[in-house]
Amino acid sequence: QVQLVESGGGLQQAGHSLRLSCVASGRTFSSSVMGWFRQAPGKEREFVASITGSTLYADSVKGRFTISRDNAKKTVYLQMNSLKFEDTAVYYCAAGLRFLLSRYNRDYSYWGQGTQVTVSS
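Keep in mind that this is a model prediction, so the values were computed, not measured.

Undergrad: Describe the pairing of strand β11 (residues 115-120), and please don't skip the residues or the numbers.
TA: Burial of β11 is one-sided: the residues T115, V117 and V119 facing one way are buried, the residues Q116, T118 and S120 facing the other way are not. Pairing analysis gives four bridges linking strand β2 (residues 10-13) to β11, with the strands arranged parallel. Paired with L11 across the bridge in β11 is T118. Here strand β9 (residues 89-96) pairs with β11 via three bridges, running antiparallel. Each residue of the ladder has a partner; that of Y91, found in β11, is T115.

Below, the structure is given as structure tokens:
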């Protein structure tokens, strides 16, 4: 069993930055693919970023967001720069059993409760 707890969300102005953190407990963190997804009101959950030893990003955040991980701390981060109003969403951390980058919900077995990010224009 894996438990994921996100933190770092909040209200921020457009153009500014936020950093999300996700702390994992349970199975071996270092062998899990980790991902960030988000869900805006009235929309489906969408992929943001994924990390193994490599990284993968959605086109909408490429160049603005950076995903990273600290295996010793069992923590994955999402540094969000140049925030836009359309980045407003609940952000979810996810962990997958295979060490492969993925943008698909089905490849992630464990999910956090989410943290709200609101960007004011």
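Undergrad: Describe the pattern of salt bridges, listing the residues and the values that go with them.
TA: Where side chains of opposite charge bring their charged atoms close, a pairing between them can arise. Tallying each qualifying case throughout the model produces four salt bridges. The salt bridge partner of D87 is R64, with a shortest N-O separation of 2.8 Å. Note that D87 is positioned in the loop between β8 (75-80) and β9 and R64 in the loop between β6 (55-57) and β7 (65-70), a separation of 23 residues in sequence. Overlapping salt bridges, with partners in common, bring together R38, E46, R64 and D87 in one network.

Undergrad: Before we move on, could you go through the pairing of β9 and cite the residues and values that matter?
TA: Here β9 lies mainly inside the structure; seven of its eight residues are buried. Summarising the sheet, strand β4 (residues 33-39) and β9 pair through seven bridges and their orientation is antiparallel. Bridge pairing in β9 links W36 to C93. Bridge count between β9 and strand β10 (residues 110-111): two bridges; the pairing is antiparallel. By the bridge assignment for β10, A95 is matched with Y110.

Undergrad: An account of the state of the cysteines is requested, with residue identities and associated values reported.
TA: This structure, assessed with the given rule, holds one disulfide. Each disulfide pairs two cysteine sulfurs, and for C22 the partner residue is C93, the sulfurs being separated by 2.1 Å. A torsion of -80° about the S-S bond marks the disulfide between C22 and C93 as left-handed. Of this pair, C22 sits in strand β3 (residues 18-26) while C93 sits in strand β9, and the two are 71 residues apart along the sequence.

Undergrad: Run through unusual backbone geometry, naming residues and quoting values.
TA: Excluding glycine, residues mostly carry a negative phi; peptide bonds, for their part, are mostly trans. The backbone of K74 sits at a positive phi, close to 50°, despite the residue not being glycine. Among the structural elements, K74 can be located in the loop between β7 and β8. Although it is not a glycine, S82 adopts a positive phi angle of roughly 50°. If you trace the backbone, S82 turns up in the loop between β8 and β9.

Undergrad: Give a description of the sheet that holds β8 that names residues and reports values.
TA: In space, the four strands of this open sheet follow the order β1-β3-β8-β7, with antiparallel pairing throughout. Strands at the two margins of the open sheet, each flanked by one partner only, are β1 (2-7) and β7. Between one strand axis and the next, the sheet turns by 15° as a mean value, whatever way the strands run. With six bridges connecting them, β1 and β3 associate as antiparallel partners.

Undergrad: If you had to explain the nonpolar core to someone new, which residues and values would you point to?
TA: Counting 34 residues, the largest nonpolar core has L4, W36, V76, L78, M80 and Y91 as the members making the most contacts within it. Secondary structure elements with two or more residues in this core: β1, β3, β4, β5 (46-51), β7, β8, β9 and β11. It is β9 that contributes the most residues to this core, five residues altogether.

Rules used in this analysis
- Residues numbered from 1 in each chain as written.
- Predicted model: local features only at pLDDT ≥ 70, side-chain atom pairs only at ≥ 80, totals over all residues.
- Heavy atoms only, no water.
- Buried < 20%, exposed > 50% of the residue type's maximum accessible area, 1.4 Å probe, protein only.
- Helix = DSSP H or I, 4+ residues; strand = E, 2+ residues; numbered from the N terminus.
- Pairing = 2+ DSSP bridges.
- Salt bridge = Lys/Arg side-chain N within 4 Å of Asp/Glu carboxyl O.
- Disulfide = S-S within 2.5 Å.
- Axes fitted to C-alpha atoms, helices over the stretch in contact; angles between N-to-C directions.
- Core = buried A, V, L, I, M, F, W, Y, C linked by side-chain atoms within 4.5 Å.

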